[in-house]
Amino acid sequence: MRSWLSCGCGVSYKNCDLRESHEYTLDEDDIALLQENNNSIAPEPVKKYKRLKKARSESDTGEGPGYVDDDGSGNPYAEENAQDEIIEEDQQAGEDDIDDDDDFIVDDEIDERGQVVKYEGVTSSALQEAHDLFGDVDDLLARRAKDLERTASNSSELTGNRLEDEFDPIILAEKYMTPRDEIIKQTDVPERMQLSEELTGTGEELTKEQMEEESLWVHSQLTADGFISFAGNEHVNTEIDQKDILNVLTMLHVNKFGIPFIEMYRKESCPSLLTGYYASEQKNAEVAPKMRWYKLLWAVETLDRKWLLLQKRKRALKGYYVKRFEDEKRKIDDVTRFAQRQQLHDTIIEALNDAKSEKEVDDVDAKFNLHFPPGEVEVEADELDSGKDSPEDVAANFTCEMFETPQDVLRGARHMAAVEIGCEPIVRKHIRTIFMDKAVVSTVPTPQGNLIIDPHHQLSHVKWLREKPLTKFVGAEWLLIQKGEDEKLLKVTVKLPEDAKKHLISDARENYLSDCVSKSAQMWDEQRKMILDDAFSSFLLPSMEKEGRSLLTANAKSWLRMEYGKQLWDKVSASPWKKKDERKKDDDEIDLDEESELRVMACCWGPGNPTTTFVMLDSSGELVDVLYAGSISTKSRGGADEQQRNKDNQQRVVKFMTDHQPHVVCVGASNLNCRQLREDLYEVFFRIVEDHPRDINEQMANFSSVYVDESVPRLYENSQISSDQLPAQSGIVKRAVALGRYLQNPLVMVATLCGPRKEILSWKLHTLQEFLTPEEKYEVVEQVMVDATNQIGFDVNLSASHEWHSSTLQFVAGLGPRKASALQKELVREGSIFSRKELAEPLRRKVFHNASGFLRVRRSGAAAASTEIIDLLDDTRIHPESYALANKLAKDVYGEGASRERYEMDEDEQEMAIEHVRESPDFLKRLNIDEYIKSIPEELRKRDTLRDIKTELLCGFSDWRTLYAEPTPDEEFWMLSGETEDSLSDGKIVQVTVRLIQESRIVCTFDSGLKAIVLGDNYSDDGFDPESLRIHQGDILTGKIKNVNRNRFQVYLTCKDSDMRRSLSTRNHDPYYHEQAMVSQDELDKARKQKELAKKHFKPRMIVHPQFQNLTAEEAKQFLSDKEPGEKVIRPSSRGPSFLTLTLKFFDGVYVHKEIAESGKDCKDVTSLLRLGKTLTIDGEDFEDLDEVVDRYVDPLVGHLKSMLSYRKFRKGLKNEVDNMLRAEKAGKPNMIVYSFGISHEHPGTFILTYIRGTNPHHEYVGLNPKGFRFWKRDFDCVDRLVSYFQKNINRPPTHAGASARNVAAMVPMRGSGGGGTASAFSHAGNYSGWGSAGKSAHDGGGSGWGSGRGW
């Protein structure tokens, strides 16, 4: 074998160019095939060559790597290279010629016009046919590329053909043969790092200052309260050291170390990012480490990429801003204006430099585009001195054709001012902070959603959410809400609560309004208020809502990505199946030899076409034999011929198993037929034991069969890679091979699906993974596969001999699919590798430094038969940079164990120290690393590295994976039935097909074949009579699941009407879930018709007053909906032109209507009827005009209303919600009488006084009128006096206080609506003239009397 070593001076040996002397050109068959699919390829008059062989046979050609490092530093062992000699092997010759198929026919493809179809370029189908005929397509492409290069170099013309001119670009991309791929292969930088640098545009090294700034930003992101961790539900270390982040960034950008290298060999540089991962190992070094997914390190890398993309965008914007301003300033002649624009530009640039997030950059960009719009727009903006002039007077000077009136001018000016406020970055940043902290989400179902979303529906737990804060959302809740909204099943609102919104606007007004008190100043302040209202309602809050939705989506996806990755991690971190030796009492796993001698027989059930198939795999996963067999069951009810066929099939399986002696049989769990198949296999084994006991070896004595999920094998069956690896096999054979290989090595089998077409993304790992894009999923897949691959290690010799084992090579640190494909070809060409040093040159210095510690060099594959010496350290996780330290440790330990100093040992003993330590591990096990560190130089005191060296010296590349766990009975049930816990949950209504009607039951089946049983007692409330049943075999039956017997694979249903109507009570533990009564569609239609009728009969009035508007009742409620409680509007009454109605917003969603009678009109004059009456009457009290109504009636009423709403004991919410609040308060103060006030939603216009003396709440109603509050037929001018009276008279309430709810309703002289419902009219009764109840006692439960020791 020829070594891949440079001479140490950067010049390769001349033998390295050996391959160029053995170039191949396409033979006549190749040219003919490609010509049929690509008319651009001209035939070459060359001599006939042998057909190309598979790549694995090309190791005999002795071709060299063909390149070395340009700087001569690619080999870290340069000082040793002078002593090494290149070993050359004679080329293998004498291959037998393959006879030509002279007369084979290929039909041309004919189009609709009868013409032969010609293709531009070589298509994938042509390549597949070429693969079948000539062998490895990758090699075919590579050789064709060399032909083109040689032709171009020999030609004096520069117009030679390129590979991409002859082949489909998609094919070249999949084979990593584009010019870009070649550059990536040749560049000595880790592949994934190159791709990241292409994206972020950071080819140059970052300065220390830049990395310091970035590390602070990354640290703030990782430790922020709102950070949704990359660790999913796991605890996040909040004590992350910023210096550790800086060290990681330095290693990424300066040293070009990948995450796997950092996590394995630079633990001392970032301990806070690995906290908890090595706690158990540090306590007990003898305990083997466990595989870990280093999520925090990946989080740093992800945030690093996010930061670099942010800086890239900021640089681009800054360049554009400077160029745009340079263009504009040439057109500015006025010095003052130029200074203003310069200052504005500098402010924007400063804000851009300070921006720390994409949202903040968006804010700056919006401001720039507002003030520096593209194009030739000229805007003259002069400051106005309002002085003593009113806004209308100033605006009158700016009227024009577009703005004809002063009001139009003011409206336009207010809009521009609102836009400017809405684009101000400082304002938006402040609003964003408050909004994200206090915004809430509410959901209600649409009429359609209310019908569809039942207790078993995916959206059932988010159907009724009321004001749930953004900060309280966890998991993928928001993604489900979005899905419900997109499907029009939910109505979703994201907004600030009213109190937070009021406080925010109040603060804005405090900073924006003038401090002057003159009348003109107040008029200008009114304009400013309108500007603020417009800015908040039209720009700030709507944009914040969008950002809030985006934040919820990002957080939910972050959580989902980690859950998706966790499921994948559990799959790939499982060890291969291992057989337990029943003879060992300690129940340990038996040790198979180093190459995991596990022979597997895999079987996939087939319905007949294809038939049930058995395959045998050797210990390397290679296909040994195939057996197609039909049914092998002896329990068949068929005729004699069928039973004889089954016996024959069974005998064939017996011979198959006795011939190959499998360690384990895996059965694909695709459907319920596989249960019988597994039972039949046990019967076959028992038959072997009885009839052929001598044919059973020791490994097969303890026969085992396991179910294996067919998800991955089915993906492999339909993938392109299966056609490349098993080109002549049928689909079911490919599936069975994948089934067995998954049992032998789950990681490698999963990695097989991570090729160019990324079939892995079709694997159903999480129920919600459809919310993730393919790019988002594959990013997680790469993280998981990279961590798993590097912690397990990659066996280079096994990969060189067995192609399917090479699939994980792309995930080795420093590599990627391109570099891995190039290295794999070199490995196949060389056949065997005996030292990591041999990989230094093809990988080059930086990539080799990343990858070398994870590449295993051992006696496997073809190297197993070699006598070459292999360094034991090359089969450990110890990095070559630490070989000297490992040798020193071994020599020290051996010398200590032998009671000899190092100077007393000869060179041979020192060289063999590692072998001695491995053979006598007790010395090393007793080594205390903490004590040993004290005896070595300070530069070698790497605690974690020494611990790892100790572990690897004891057992190199020990298996850190979790032991393979066979499926539990429940898991077997779900795999075989094809159902899920959601589809078979108790209480779910399902449909089944009737198969058999018996005396006491009905037997049915699901579509999956699962048996469903309806017992006679559960069929109907009227009883069960088989003779009178109207159902027949084959009918569809609807029932509700009562329970599932998973052991017997049976589901019991009920079809009784009483059970079907009974709704399943599912308790939702979300405190923000509040289910409400849904108005039916008929009621909605009725309400809509009433609105239309009211609108049709609506008669506008000729009244001019600030508080009057021509609105219907519904329009009035809509008008007041976003106003504060206490706001009012006077409108026409539905009773005719002799009445008006005062509509008052009593509380959010609660409105009351008060009638105002008019008199003093001329009934014969229509105009007089539409005008305001001379006298207005409310509850028998007369008023001269609407101003007096407002001053004497409305304003006092509103004042008392606001005093109650701001009272310290006032509670928001429905009656039962207030009751629950008081119960909680009572629990904390058991000796106190707790009380509170609330809004009566049942009787709008009244308050509820709720109190608890013993255990149950009591309710008293409080009325409202302009004089104050009405309680127990007494008037109180303030709430405190009402409370005082109530506390003193709690034990002796007036005898009239116990009025019923109906009487209370009769006492309320108003019409009200609550919760958005229709207005309900209440009749006048008695002499009571308040807005609320005269006093109502609602004692809802017995409580203890007023006792001693209790207080308020």
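Keep in mind the model is a prediction, meaning the values are calculated, not measured.

Thoughts on the overall build of the protein
Within the protein, the regular secondary structure consists of 49 helices and 28 strands. Across the 1352 residues of the protein, 49% fall into the buried class. In the protein, 67% of the contacts between residues at least 6 apart in sequence involve partners at least 24 apart. Carbon and sulfur atoms make up 49% of the accessible area of the protein, which amounts to about 67700 Å² in all.

Brief notes about the pattern of salt bridges
A complete count under the given rule lists 62 salt bridges for this structure. In this structure, Lys-256 engages Glu-197 in a salt bridge whose closest nitrogen and oxygen atoms are separated by 2.5 Å. Of this pair, Lys-256 sits in the loop between helix H10 (242–253) and helix H11 (259–265) while Glu-197 sits in helix H8 (residues 191–200), and the two are 59 residues apart along the sequence. When its relative accessible area of 9% is taken as the criterion, Lys-256 is described as buried.

Looking at the pairing of strand S13 (residues 1011–1015)
Sheet topology note: the strand S12 (residues 1001–1005)/S13 ladder contains five bridges and is antiparallel. Within the sheet, the bridge partner assigned to Thr-1005 lies in S13 and is Lys-1011. The turn linking S12 back onto S13 is made up of five residues, and Gly-1009 within it adopts a positive phi angle of 95°. Of the strand pairs in this sheet, S13 and strand S15 (residues 1050–1054) are connected by four bridges, and their pairing is parallel. Paired with Val-1014 across the bridge in S15 is Leu-1053.

A word on the sheet that holds strand S11 (residues 989–997)
Read around the barrel, five strands follow the order S11-S12-S13-S15-S14 and close on themselves; strand pairing throughout is mixed. Within the sheet, the average angular offset between the axes of one strand and its neighbour, ignoring direction, is 50°.

Details of the packing of helix H13 (residues 295–329) against helix H15 (residues 358–371)
Remark: H13 packs on H15, axes separated minimally by 11 Å, with the N-to-C direction vectors making an angle of 10°. As summarised for this structure, H13 and H15 are arranged roughly parallel, according to the angle between their axes. Across from Leu-310, Arg-313, Lys-314, Leu-317, Tyr-320, Tyr-321 and Arg-324 in H13, the residues of H15 making contact are Glu-358, Val-361, Asp-362, Val-364, Asp-365 and Phe-368.

Concerning unusual backbone geometry
Between Asn-609 and the following residue, Pro-610, the backbone shows a cis peptide bond with an omega angle of 10°. Relative to the assigned elements, Pro-610 resides in the loop between strand S4 (600–607) and strand S5 (611–617). The phi angle at Lys-256 is positive, at roughly 60°, despite the residue not being glycine. With a phi close to 55°, Asp-1179 is a non-glycine residue in the positive phi region.

Some points on the packing of helix H9 (residues 208–223) against H13
Taken N-terminus to C-terminus, the directions of H9 and H13 make an angle of 125°; their axes are 10 Å apart at the nearest point. Accordingly, the angle class assigned to the pair H9 and H13 is oblique. As for how H9 packs across H13, the hand of that crossing is right-handed. Contacts between H9 and H13 involve Glu-213, Glu-214, Trp-217, Val-218, Gln-221 and Leu-222 from the former and Leu-296, Ala-299, Val-300, Leu-303, Asp-304, Lys-306, Trp-307 and Leu-308 from the latter. Grouping the constituent residues of the contact of H9 with H13 by class yields nine nonpolar, one polar and four charged.

Quick look at the side chain of Glu-197
Classification of Glu-197 by relative accessible area gives buried; the value is 17%. Within the local environment of Glu-197, its side chain forms a polar contact with the side chain of Lys-256, the two groups lying 2.5 Å apart.

Regarding a negative patch on the surface
On the surface, a cluster of negative charge is contributed by Glu-1184, Asp-1185, Asp-1187 and Asp-1191. With respect to the secondary-structure elements, Asp-1187 resides in helix H46 (residues 1186–1205).

Quick word on the packing of aromatic side chains
Applying the stated criterion across every chain, the model contains 28 aromatic pairs. Their ring planes at 75° and their centres at 5.7 Å tell us that Tyr-1019 and Phe-1024 sit as a pair that is edge-to-face. Here Tyr-1019 and Phe-1024 have matching classes, each one buried. When the ring of Tyr-1207 is compared with that of Phe-1237, the centres are 5.8 Å apart and the planes differ by 75°; the resulting orientation is edge-to-face. With Tyr-1207 in the loop between H46 and helix H47 (1215–1228) and Phe-1237 in strand S21 (residues 1234–1239), the pair connects residues that are 30 residues apart, well separated along the chain. This pair shows no difference in class: Tyr-1207 is buried, exactly as Phe-1237 is. Following the ring pairs from residue to residue traces out a cluster consisting of Tyr-320, Tyr-321, Phe-325, Phe-338, Phe-368 and Phe-372. Seen from the ring of Phe-473, Lys-468 lies directly overhead, with NZ or CZ sitting 4.9 Å from the centre.

Things to note about helix H41 (residues 969–977)
Turning to H41, its buried residues are Glu-972, Phe-973, Trp-974, Met-975, Leu-976 and Ser-977. Where H41 is buried, its residues touch helix H24 (673–691), strand S8 (705–708) and strand S14 (1036–1045).

Considering the sheet that holds S8
Strand order in the open sheet formed by five strands is S6-S5-S4-S7-S8, and the pairing between neighbours is mixed. Every interior strand has two partners, whereas the edge strands, strand S6 (623–628) and S8, have only one. Averaged over neighbouring strand pairs, the angle between their axes works out to 20° when direction is ignored. Here helix H28 (residues 731–744) sits on the sheet and contacts S4, S5, S6, strand S7 (664–668) and S8; the angle it forms with S4, its principal contact strand, is near 140°.

Thoughts on the environment of Val-361
Looking at the element boundaries, Val-361 is found in helix H15. Separated by 47 residues in the primary sequence, Val-361 and Lys-314 place their C-alpha atoms 7.4 Å from one another.

Focus: the side chain of His-253
Relative to the assigned elements, His-253 resides in helix H10. Polar contacts involving the side chain of His-253 include one to the side chain of Asp-304, which spans 2.9 Å. Those residues in contact with His-253, other than ones at most four positions away along the chain, are Glu-205, Leu-206, Met-211, Glu-214, Asp-304 and Leu-308.

Details of the environment of Arg-428
The residue Arg-428 is located in helix H18 (residues 425–438) in this model. Apart from residues lying up to four places away in sequence, Arg-428 is in contact with Asp-363, Gly-422, Cys-423, Leu-540, Ser-543, Met-544 and Glu-547. Reaching out from Arg-428, the side chain makes a polar contact with the side chain of Glu-547 at a distance of 3.3 Å.

A short note on the environment of Lys-1117
Relative to the assigned elements, Lys-1117 resides in helix H44 (residues 1113–1120). Residue classification places Lys-1117 among the buried positions, given a relative accessible area of 7%. Residues Lys-1117 and Gly-1149, spaced 32 residues apart in sequence, show a C-alpha to C-alpha distance of 8.6 Å.

Observations regarding the confidence of the model for the protein
Close inspection of predicted coordinates is inappropriate for parts of the model with low pLDDT. Looking at the protein, the pLDDT average stands at 79 and 75% of residues meet or exceed 70. Note that pLDDT drops below 50 for residues 582–595; the model gives that stretch 21 contacts with residues more than four away or on any other chain. The model gives residues 1298–1352 a pLDDT under 50, and that stretch makes 155 contacts with residues more than four places away or in other chains.

Rules used in this analysis
Residues numbered from 1 in each chain as written. Predicted model: local features only at pLDDT ≥ 70, side-chain atom pairs only at ≥ 80, totals over all residues. Heavy atoms only, no water. Helix = DSSP H or I, 4+ residues; strand = E, 2+ residues; numbered from the N terminus. Buried < 20%, exposed > 50% of the residue type's maximum accessible area, 1.4 Å probe, protein only. Contact = heavy atoms within 4.5 Å. Areas by Shrake-Rupley, 256 points an atom, 1.4 Å probe, with all protein chains shown as cover. Salt bridge = Lys/Arg side-chain N within 4 Å of Asp/Glu carboxyl O. Pairing = 2+ DSSP bridges. Axes fitted to C-alpha atoms, helices over the stretch in contact; angles between N-to-C directions. Parallel < 35°, antiparallel > 145°, perpendicular 65-115°, else oblique. Left-handed = near helix turned anticlockwise from the far one by under 90°. Nonpolar A, V, L, I, M, F, W, Y, C, P; charged D, E, K, R; others polar. Polar contact = N/O pair within 3.5 Å; in protein donor to acceptor, adjacent residues only side chain to side chain. Patch = residues over 30% accessible without salt bridge, like charges linked within 9 Å, V, L, I, M, F, W, Y side chains within 5 Å. Lys, Arg positive; Asp, Glu negative; His and termini not counted. Charge placed at Lys NZ, Arg CZ, Asp CG, Glu CD. Phe/Tyr/Trp six-rings, centres within 6.5 Å; stacked < 30°, edge-to-face > 60°. Lys NZ or Arg CZ within 6 Å of the ring centre and 35° of its normal. pLDDT = per-residue confidence, 0-100.

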